Amino acid sequence: MLKTPHWEMMIVWYFFLGGIAGGAYFTAAVADAFGTARDRAVARIGYLVALPLVVICGALLIADLGVPMRFLNMLGTFKFWDPMSIGAWALGVFGLFTFASALLSFSPSPPAVAWRRKIGLVGIFFGFFLASYTGVLISNTALPFWSEGRLMGALFLASGASTGMATIALILFLTGGAGGEGWRKVKQADRYAIGFELCVLALFLVLLGSAAAPLLGGRLAVLFWGGLVVVGLAVPLALELVAHRTAALGAVSAVLVLVGGFVLRYVVVMSIQT
Amino acid sequence: MARTLAMFTDTSLCIGCRACQVACKQWNELGAEAPEWTGTYQNHAHFTDQTFRLVRFVEEPKPSGDLAWLLMSDVCKHCAQAGCLEACPTGAIYRTEFGTVDINQDVCNGCRYCVASCPFGVVHFDDGSGTARKCTFCNDRIHNGLGPACAKACPTDSIQFGFRDELVAKAGKRVETLKGMGFKEAQLYGADTGGFLGGLNAFFLLLSKPSTYNLPEHPRLPQRNVVVDSLLSIGSALVVGLGAIVSFRSRGKGDGDA
């Protein structure tokens, strides 16, 4: 009989917040490098969201260890083929990038902006890594539901990007930046990401085949269909498509995307627990 | 590397006395646990952090309507390609010069990735120590010229310890003998180094198909898909990235860029 690792709520939160951190940083860096000067608010919010989330992520991972004081043992080894090993390294490196980017986002001086853009473009790599490696990590275990579909990492990445964008949109809304150019662009990018995530999810379920049973027929099936597919993906996408000019509805859809992102991590992690 | 050592568990000789289970507990100073009622003499249902050897009592319905009573002393397989070892991010899980797999309890930080990565469900998390634990192949004993405690205690030689190549040759002959005696399904599990997981350094002789003993027919290395999964994630990143770039370049062109 296979055993489950008893990764529970702390890991659910880690997967969720790590995805947001990676996605928000990526969105910020793209806004910084490819957007206009008016998109700076998006970039700044993204960088400033990523930093504290990465710190929380690190704390969650350490707290979940059997012997938290030994967390540094992860950094005494480097196994490039092992998601857990490079994941620990990547979290640390990404932390440095978010720190530098967040710091530089306070300076409007041209050299600072130029540096921030360069750092952001490299940091995207680590942000994406943080958002997706958790999926690759659990899909390389002996547990069939986690390991039979090849798209867990791709799915987590799409969800991470989408929830990162939703977080930025929500903060824009709360700080009175809704309706502006940056808002419209973030919402447009999130529409693409949600649509893509739906496609990846469908393909993922097909690839899983009978191994999807814990998800589709288990005790969390209702949460999966209701919380993720309907509330977390279909409804926000529909809201975005029919009413994306209404700021309040845009904010509602952002909240729903975040709910969906959390439900995704929750059902994936918790449905294998015995 | 020294010559590979192995344990050969010949289930056809097991009488279910559980001396191996007790000897393992005593030598490794494993704690007592509350008994678990499994419906058979088997106790516990699975390996735990305090049970590294476990005698399984299996009842197999026969075509005649009778039950075959199959006994099997199960243990960590010490795989040549070990999922737990590949998964370990601290280097706590290591391969000894004898080819066995051990967990350094002073290095393990209890991340539990190995627990999910064992194709046989052997590794178990110990809440007390906060570390992962499993059979050590009596690492202290084999480094002092002694065989594992379970093999030493076995009164019927169902558990044999020795050099792997010699044990495999012996096991092959034993299968032939058993087949000649009418045990048509007698087979080795994990003896072939060209077979699954590069061969098991604790391999078995079974009297029925592996699934009867709740063993996977074709265990696979969990880490076999890291490259594919990573490439698909990169593909996902490119699509999402492209969507964002298109979005941020789409409007506001010519607004000037400070």
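The structure displayed is predicted, hence computed values, not measured ones.

Q: What should I look at first to understand the overall build of chain A in this one?
A: Helix and strand content of chain A: 10 helices and 0 strands. In chain A, the succession of α and β elements from N to C terminus is α-α-α-α-α-α-α-α-α-α. The dimensions of chain A, computed from C-alpha atoms along their principal axes, are 60 × 50 × 25 Å. Of all 274 residues assigned to chain A, the portion counted as buried reaches 61%. When contacts within chain A are restricted to residue pairs at least 6 apart in sequence, long-range pairs at least 24 apart make up 76% of them. A total accessible area of about 9900 Å² is found for chain A, and carbon and sulfur atoms account for 77% of it. Across chain A, the 17 positively charged side chains and the 10 negatively charged ones have centroids separated by 6 Å.

Q: In this structure, what is going on with the interface of chain A and chain B? I would like to understand it.
A: How large an interface is tends to be reported as the accessible area lost when its parts come together. At the junction of the two partners, chain A supplies 62 residues and chain B supplies 63 residues. In this assembly, chain A packs against chain B so that about 5000 Å² is buried in total across both faces, 55% of it on carbon and sulfur atoms. Of all residues in chain A, Met1, Lys3 and Asn140 of chain A bury the most surface against chain B, accounting for 15% of the area lost on that side. Arg220 of chain B is the salt-bridge partner of Glu148 of chain A, the closest N and O atoms lying 3.4 Å from each other. For the pair chain A and chain B, the number of links is 32 residue pairs in polar contact (both at pLDDT 80 or more). Secondary structure elements with two or more residues in the side of chain A that touches chain B: α1 (9-34), α2 (40-64), α3 (83-104), α4 (110-138), α6 (152-174) and α7 (181-208) of chain A. Take the side of chain A that touches chain B: its biggest share by element is 8 residues, from α7 of chain A. Partitioned by chemical class, the residues of the side of chain A that touches chain B number 32 nonpolar, 16 polar and 14 charged.

Parameters and conventions
- Residues numbered from 1 in each chain as written.
- Chains lettered and ligands numbered in written order.
- Predicted model: local features only at pLDDT ≥ 70, side-chain atom pairs only at ≥ 80, totals over all residues.
- Heavy atoms only, no water.
- Helix = DSSP H or I, 4+ residues; strand = E, 2+ residues; numbered from the N terminus.
- Buried < 20%, exposed > 50% of the residue type's maximum accessible area, 1.4 Å probe, protein only.
- Contact = heavy atoms within 4.5 Å.
- Areas by Shrake-Rupley, 256 points an atom, 1.4 Å probe, with all protein chains shown as cover.
- Lys, Arg positive; Asp, Glu negative; His and termini not counted.
- Charge placed at Lys NZ, Arg CZ, Asp CG, Glu CD.
- Buried area = accessible area lost by both parts, 1.4 Å probe.
- Salt bridge = Lys/Arg side-chain N within 4 Å of Asp/Glu carboxyl O.
- Polar contact = N/O pair within 3.5 Å; in protein donor to acceptor, adjacent residues only side chain to side chain.
- Nonpolar A, V, L, I, M, F, W, Y, C, P; charged D, E, K, R; others polar.

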